[in-house]
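# Per-entry structural report
Residue strings, one per chain:
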Amino acid sequence: MQNAQIPALGRLSPRSPSGPAVAAPGRPGSEVDALLLRVGQGDAQAFEDLYGKTAARVHGLARKVLIDAEMSAETTQDVFLALWQGAAARFDPDLGTGMSWIMTVTHRRAVDKVRSEESHRTRDLTWGIRNRDVDYDQVADAVIQRSETAAVRACLSTLSAAQREAIHLAYYAGLTYLEVAEHLGIPGPTAKTRIRDGIKRLRTSLQEAH
């Protein structure tokens, strides 16, 4: 799989400084602290410097949580836009380092992105099943009939951890069998077997829940 490029932000709307920039105390992380404080004051140059120093780590954390390259890039951009649009003004250097604060913001954004995708997961699972094994269309139909996220989660919880991870990567993250195998470090046939066995188990669970 190709690694997603860290997204470059477009031209930002100018902001009027609300006061003089404040320097952070001289301690580890103080450079990022100072940049955050200046960004909170509307300093565009500070924003560019902050982006250059922290974007790679922000994108790395987003990718670790989301896996999906496109969503990770979008989340990275969302984080920095939020900082520019006022979130940076809420940073308090007395409560922790700027880098830790940014990573906390990133983690929350990534988790929110995962949650916002919950309503689409049934659709993704349906698409994946229908485009891989026609024999399992009845599973897709059952999932559609039980479209509530809680019901889908309950069925997924009946799978083994290995099956659940493989299905998540294949149907929720959109990876192919070979990409799932590469991601998990297992042979392609093993990945395919885990996914097929997991689908069979899902069918049984859905039939039992009916």
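Below: a short report on this structure. (Residues numbered from 1 in each chain as written. Predicted model: local features only at pLDDT ≥ 70, side-chain atom pairs only at ≥ 80, totals over all residues. Heavy atoms only, no water.)

### Some words on the overall build of the protein chain
Secondary structure summary: the protein chain contains 10 helices and zero strands in total. From first element to last, N terminus to C terminus, the protein chain shows the α and β order α-α-α-α-α-α-α-α-α-α. Buried residues in the protein chain amount to 40% of all 210 residues. Long-range contacts, defined as pairs at least 24 residues apart, comprise 66% of the intrachain contacts of the protein chain with a sequence gap of at least 6. With the model as given, the accessible surface of the protein chain reaches about 11,600 Å², and the carbon-plus-sulfur share is 50%. (Helix = DSSP H or I, 4+ residues; strand = E, 2+ residues; numbered from the N terminus. Buried < 20%, exposed > 50% of the residue type's maximum accessible area, 1.4 Å probe, protein only. Contact = heavy atoms within 4.5 Å. Areas by Shrake-Rupley, 256 points an atom, 1.4 Å probe, with all protein chains shown as cover.)

### Things to note about helix α3 (residues 69–84)
Over its 16 residues, α3 extends 23 Å from the first C-alpha to the last, a length consistent with the 22 Å expected when each residue adds 1.5 Å. For α3, the full list of buried residues reads Met71, Ser72, Ala73, Thr75, Thr76, Val79, Phe80, Ala82, Leu83 and Trp84. For α3, the secondary structure elements touched by its buried residues are α1 (30–40), α2 (44–66) and α4 (98–116). Where α3 begins, the capping side chain belongs to aspartate 68, and its oxygen is found 3.1 Å from the backbone nitrogen of glutamate 70. Positive backbone phi, at 135°, marks glycine 86, one or two positions downstream of α3. (Expected span 1.5 Å × (residues − 1). Polar contact = N/O pair within 3.5 Å; in protein donor to acceptor, adjacent residues only side chain to side chain.)

### Thoughts on the pattern of salt bridges
Applying the stated rule across the entire model yields three salt bridges. Between arginine 38 and aspartate 43 there is a salt bridge whose closest N-O contact spans 3.2 Å. A relative accessible area of 24% places aspartate 43 in the partly exposed class. Where lysine 113 meets glutamate 74, a salt bridge forms, and the shortest distance between an N and an O atom there is 3.4 Å. Of this pair, lysine 113 sits in helix α4 while glutamate 74 sits in helix α3, and the two are 39 residues apart along the sequence. When its relative accessible area of 16% is taken as the criterion, lysine 113 is described as buried. You can call glutamate 74 partly exposed: its relative accessible area is 33%. (Salt bridge = Lys/Arg side-chain N within 4 Å of Asp/Glu carboxyl O.)

### Brief notes about the packing of aromatic side chains
Summed over all chains, the structure comprises four aromatic pairs. Plain terms: the ring middles of phenylalanine 47 and phenylalanine 80 are 6.3 Å apart, the flat faces sit at 85° to each other, and that makes the pair edge-to-face. One end of the pair, phenylalanine 47, is in helix α2; the other, phenylalanine 80, is in helix α3, and 33 residues separate them in sequence. Per residue, the accessibility class of phenylalanine 47 equals that of phenylalanine 80, and both read buried. Their ring planes at 65° and their centres at 4.7 Å tell us that tyrosine 51 and phenylalanine 80 sit as a pair that is edge-to-face. Taken together, the residues span a long stretch of sequence, with tyrosine 51 in helix α2 and phenylalanine 80 in helix α3 at a distance of 29 residues. For tyrosine 51, a relative accessible area of 17% gives the class buried. Overall, phenylalanine 80 belongs to the buried group, its relative accessible area being 0%. Members of the aromatic cluster, each reached through a chain of ring pairs, are Phe47, Tyr51, Phe80 and Trp84. (Phe/Tyr/Trp six-rings, centres within 6.5 Å; stacked < 30°, edge-to-face > 60°.)

### Details of the nonpolar core
Leu36, Val39, Leu50, Phe80, Leu83 and Ile102 are the most contacted members of the largest nonpolar core, which has 24 residues in total. Sorting the residues of this core by element identifies α1, α2, α3 and α4 as the ones contributing at least two each. Sort the elements by how many residues they give to this core and α2 lands first, with seven residues. Apart from the residues lying within four places of it in its own chain, the contact partners of isoleucine 102 are Val32, Leu36, Leu50, Thr54 and Val58. (Core = buried A, V, L, I, M, F, W, Y, C linked by side-chain atoms within 4.5 Å.)

### Some remarks on the packing of α3 against α4
Following both chains from N to C, one finds α3 and α4 inclined at 130°, their axes separated by 10 Å at the closest point. With respect to α4, the element α3 is oriented oblique. As for how α3 packs across α4, the hand of that crossing is right-handed. Between α3 and α4, the residues in contact are Met71, Glu74, Thr75, Asp78, Val79, Ala82 and Leu83 and Trp101, Val105, Thr106, Arg109, Ala110 and Lys113, respectively. Looking at the contact of α3 with α4, its residues break down into seven nonpolar, two polar and four charged. (Axes fitted to C-alpha atoms, helices over the stretch in contact; angles between N-to-C directions. Parallel < 35°, antiparallel > 145°, perpendicular 65-115°, else oblique. Left-handed = near helix turned anticlockwise from the far one by under 90°. Nonpolar A, V, L, I, M, F, W, Y, C, P; charged D, E, K, R; others polar.)

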